[in-house]
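One letter stands for each residue in the lines below.
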Number of protein chains: 2
Amino acid sequence: MDTQKFDIAVIGGGPAGLSAALTGRVRNKQVALFEHLNHSEKLQKAHIVDNYLGMPQITGQGMMQQFVAHCLAQKPALIQEKVVTVFPGDDGFTLLTPVNTYEARSVILATGVVSTPLFKGEKSFLGRGVSYCATCDGMFYKDKDVAVISYTSEGEPEAEFLGEICRNVFYFPQYRPQPAALRSQVKIVPGRPRFIEGDTQVEKLVTDKEEHKVSGIFIIRQSDPVENVLPGLVLDGEVIQVNRDMSTNIPGVFAAGDCTGKPWQIAKATGEGLIAVLSAISYLDKKPI
Amino acid sequence: MDTQKFDIAVIGGGPAGLSAALTGRVRNKQVALFEHLNHSEKLQKAHIVDNYLGMPQITGQGMMQQFVAHCLAQKPALIQEKVVTVFPGDDGFTLLTPVNTYEARSVILATGVVSTPLFKGEKSFLGRGVSYCATCDGMFYKDKDVAVISYTSEGEPEAEFLGEICRNVFYFPQYRPQPAALRSQVKIVPGRPRFIEGDTQVEKLVTDKEEHKVSGIFIIRQSDPVENVLPGLVLDGEVIQVNRDMSTNIPGVFAAGDCTGKPWQIAKATGEGLIAVLSAISYLDKKPI
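Bear in mind that the values here come from a model prediction, so they are computed numbers and not experimental data.

Calculation notes
- Residues numbered from 1 in each chain as written.
- Chains lettered and ligands numbered in written order.
- Predicted model: local features only at pLDDT ≥ 70, side-chain atom pairs only at ≥ 80, totals over all residues.
- Heavy atoms only, no water.
- Helix = DSSP H or I, 4+ residues; strand = E, 2+ residues; numbered from the N terminus.
- Buried < 20%, exposed > 50% of the residue type's maximum accessible area, 1.4 Å probe, protein only.
- Contact = heavy atoms within 4.5 Å.
- Areas by Shrake-Rupley, 256 points an atom, 1.4 Å probe, with all protein chains shown as cover.
- Lys, Arg positive; Asp, Glu negative; His and termini not counted.
- Charge placed at Lys NZ, Arg CZ, Asp CG, Glu CD.
- Least-squares fit on C-alpha atoms with pLDDT ≥ 70 in both.
- Buried area = accessible area lost by both parts, 1.4 Å probe.
- Salt bridge = Lys/Arg side-chain N within 4 Å of Asp/Glu carboxyl O.
- Disulfide = S-S within 2.5 Å.
- Pairing = 2+ DSSP bridges.
- Axes fitted to C-alpha atoms, helices over the stretch in contact; angles between N-to-C directions.
- Domains from an automatic or database assignment.
- Polar contact = N/O pair within 3.5 Å; in protein donor to acceptor, adjacent residues only side chain to side chain.
- Core = buried A, V, L, I, M, F, W, Y, C linked by side-chain atoms within 4.5 Å.
- Parallel < 35°, antiparallel > 145°, perpendicular 65-115°, else oblique.
- Left-handed = near helix turned anticlockwise from the far one by under 90°.

Draft legend 1. Expanded view of the overall build of chain A. Secondary structure summary: chain A contains seven helices and 17 strands in total. Along the longest, intermediate and shortest principal axes, the C-alpha atoms of chain A span 55 × 45 × 35 Å. Out of the 289 residues in chain A, the part that is buried amounts to 56%. Sequence separation of 24 or more characterises 56% of the internal contacts of chain A that already satisfy a separation of 6 or more. Element-wise, carbon and sulfur atoms account for 49% of the exposed surface of chain A, whose accessible area totals about 12,800 Å². Separation between the mean location of the 29 positive side-chain charges and that of the 32 negative ones in chain A comes to 2 Å.

Given below as structure tokens:
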């Protein structure tokens, strides 16, 4: 399979990502816009928004429809896959989704707020039993026992896929409605996961009800902790540390919107998306191809 | 005359100022919006703008009409006067215009870009012969000779007012069309002013053609150098130095839009206006009345 290469990969299709992708395309760059869900569920649930200048008294859903239509009219490559890992390389970045690999010369993180706190042990066992992508890492757990903790129904196909490979799959749905049943190797388990234990590798998952001996734990959230998707990214508390030009500590990586901190507001997000993409373009202009 | 007191004074009615005033009113603060011209001439001259998310393919003028209508629907006090000086006080700020005095507990500078470079001597003689407001300072020059350098036709009534008080008024129009004649005490002079000389006070204005002995020099631009309007404001090069929350070095003073630096783009301006006003509100919440 050929790898598609873009000038700019925008991760997240909320207001910040759409604004970045829009101006990137207006400036004639090859832009990939990664959005695996439905363009900011949070905004779409807003009843009325009345402080985005020029669009008075509009529903969150109506606003998002206009935002998406405006951005997509400029034809970024909309990729409806979840980016699970970003690797920096010599000549840009490699982005992995559960189904494909992409390359981009610069990256804009517009991933929104991760409101789910990490599990104790999650960070230290990342890559040593903890994974955010069954398709990517499932084969490492062939004939072993694994757990899947999922905050969205996206976890169901991931668990079923693992069911084809692994001995036992314990599925912990943390959302409603919970699935009635999955394929026979997948056991739906009630309870709230609490922490992850092991020596050098994951050995068990502890919930509020019991313990499960497992070799792998897959965690499926609406968005993954961004510092785990892109190791080495420096945070400021719980948000991505950025400069005034929206650059992060990693050259070629920029951030915009809720993931850079409060206020969690649309105009802040679109403004930062714009600044981030112009900074990315300036970065690309200075870097020889 | 009673002085009106506001929670927030927004200086400048372009996209940044309108966004700040809009959210300030949505948050139920008493907001004064100072705009003495026509809401960002620069944007209004833009043929088509296509990168403000949600408003595709719109003329600059059409966009500004929607922006102004949206903001004014929330009823900030629109004050069509030019703020010439801001004085910090114990309990907020005093703002002077040529015709009135206002008070505000916080200030948002959204004054746009000052593209006119300062004259040599302008900064050092400010308050010692150099003034930006004939109405404010004219009486200091009774029966003396003064110069008025003006970049807009707003200078004409200022010069005529000075003509009532001063002995001779030399008027240097730096715009087109130039006035054919003003009242008899006002002499319209060709030439481009170059620098200002004197010992402790202004003594003469030197142009590319000749020298004029004057005691006072009034300089009328679309917007005054903001660090002269608010002495003590720290700049970063030619733009206002701001933190990520759009605060400046002066407590209670925030800035947004083109006056904080590039990119000179609408989404950056509206986003910063939003952040600035939320920061101002947070500042007010912490400060006892």
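Draft legend 2. Representation of the relation of the copies chain B and chain A. At an RMSD of 0.1 Å, chain B and chain A line up after a rotation of 180 degrees and a shift of 0.0 Å along the axis. When the rotation and shift are considered jointly, the pair of chain copies conforms to a two-fold rotation axis. Considering only C-alpha atoms, the part of chain B nearest the rotation axis is Gly271 of chain B, at 2.4 Å. An overlap of 100% is found between the interface residues of chain B and their copies at the interface of chain A, pointing to a shared contact surface.

Draft legend 3. Spatial organisation of the interface of chain B and chain A. Facing 33 residues of chain B, the contacting portion of chain A comprises 33 residues. Between chain B and chain A, roughly 2,600 Å² of surface is buried when both sides are summed, and carbon and sulfur atoms account for 64% of that area. Per-residue buried area on chain B facing chain A is highest for Leu53, His70 and Arg244 of chain B; these three make up 31% of the total on that side. Connecting chain B to chain A are two salt bridges.

Draft legend 4. Fine view of the state of the cysteines. Residues and elements named next belong to chain A. Summed over the entire model, instances satisfying the criterion amount to two disulfides over all chains. Between the sulfur of Cys133 and that of Cys136 lies a disulfide, 2.2 Å long from S to S. Taking the sign of the S-S torsion, 75 degrees for the link of Cys133 and Cys136, the bridge is right-handed. Classification of Cys133 as buried rests on a relative accessible area of 2%. The class of Cys136 is partly exposed, set by a relative accessible area of 31%. Cys71 takes part in no disulfide bond, and the closest cysteine sulfur, belonging to Cys259, lies 16 Å away. Assessed through its relative accessible area of 0%, Cys71 is described here as buried. Between Cys166, a free cysteine, and Cys133, which holds the nearest cysteine sulfur, the sulfur-to-sulfur gap is 13 Å.

Draft legend 5. Highlighting the sheet that holds strand S13 (residues 211-213) of chain B. Residue and element names in this part refer to chain B. Read across the open sheet, the three strands follow the order S11-S12-S13; overall the sheet is antiparallel. Two strands bound the open sheet, and with one partner strand each, they are strand S11 (193-198) and S13. Neighbour-to-neighbour, the strand axes of the sheet open up by a mean angle of 20 degrees, direction not taken into account. Bridge count for strand S12 (residues 202-207) against S13 is three bridges, and the pairing is antiparallel. Paired with Leu205 across the two strands is His212, which belongs to S13.

Draft legend 6. Here's a closer look at the domain arrangement of chain A. Residues and elements named next belong to chain A. By domain assignment, chain A separates into domain 1 (4-115 + 224-286) and domain 2 (130-220). Each of domain 1 and domain 2 was reduced to a C-alpha centroid, and the two centroids are 29 Å apart. On the side of domain 2, seven residues touch domain 1, which itself brings nine residues to the contact. Summed over both partners, the interface of domain 1 with domain 2 comes to about 640 Å²; 60% of that surface belongs to carbon and sulfur atoms. Between the two partners, domain 1 and domain 2, sit zero salt bridges. Summed over the shared surface of domain 1 and domain 2, the number is two residue pairs in polar contact (both at pLDDT 80 or more).

Draft legend 7. Summary view of the environment of Thr85 of chain B. Residues and elements named next belong to chain B. Structurally, Thr85 is set in strand S4 (residues 85-89). As for Thr85 and Leu230, which are separated by 145 residues in sequence, their C-alpha atoms are 6.2 Å apart. Discounting chain neighbours no more than four positions away, the residues touching Thr85 are Thr94, Leu95, Leu96 and Val229.

Draft legend 8. Geometry of the sheet that holds strand S11 (residues 193-198) of chain A. Residues and elements named next belong to chain A. With antiparallel pairing, the three strands of this open sheet are ordered in space as S11-S12-S13. Both outer strands of the open sheet, S11 and strand S13 (211-213), are each paired with one neighbouring strand and no more. Between one strand axis and the next, the sheet turns by 20 degrees as a mean value, whatever way the strands run. Examined bridge by bridge, S11 and strand S12 (residues 202-207) share five bridges and lie antiparallel to one another. Bridge pairing in S12 links Ile196 to Leu205.

Draft legend 9. Highlighting the nonpolar core. With 120 residues, the main nonpolar core has Leu95 and Leu109 of chain A together with Leu95 and Leu109 of chain B as its most contacted residues. Those residues within four positions of Leu109 of chain B in sequence are excluded, and the remaining contacts are Ile11, Val226, Leu230, Leu233, Ile240, Val253, Phe254, Ala255, Ala256 and Cys259 of chain B.

Draft legend 10. Molecular detail of the packing of helix H1 (residues 15-26) of chain A against helix H7 (residues 266-286) of chain A. All names here are of chain A. Contact pair H1 / H7: the axes reach a minimum separation of 7 Å and the direction vectors enclose 40 degrees. Classified by the angle their axes make, H1 and H7 are oblique. Here H1 runs over H7; the crossing is right-handed. Residue-level inspection shows Pro15, Ala16, Ser19, Ala20, Thr23 and Gly24 of H1 in contact with H7, the latter providing Ile266, Ala269, Thr270, Gly273, Leu274, Val277, Leu278 and Ile281.

Draft legend 11. Quick peek at the pattern of salt bridges. All names here are of chain A. Inspection of every chain in the model, using the stated rule, returns 21 salt bridges over all chains. Put simply, Arg167 and Asp145 hold a salt bridge, and the shortest N to O gap is 3.1 Å. One end of the pair, Arg167, is in the loop between helix H5 (155-165) and strand S9 (168-173); the other, Asp145, is in strand S8 (residues 145-150), and 22 residues separate them in sequence. By relative accessible area, which is 54% here, Arg167 ends up exposed. Judged by relative accessible area, which is 13%, Asp145 ranks as buried. Among the charged side chains, a network of salt bridges with common partners joins Lys5, Asp91 and Glu103.

Draft legend 12. Spotlight on the environment of Lys268 of chain A. All names here are of chain A. Looking at the element boundaries, Lys268 is found in helix H7. Assessed through its relative accessible area of 2%, Lys268 is described here as buried. Sequence spacing of Lys268 and Leu109 is 159 residues, and the spatial spacing of their C-alpha atoms is 15 Å.

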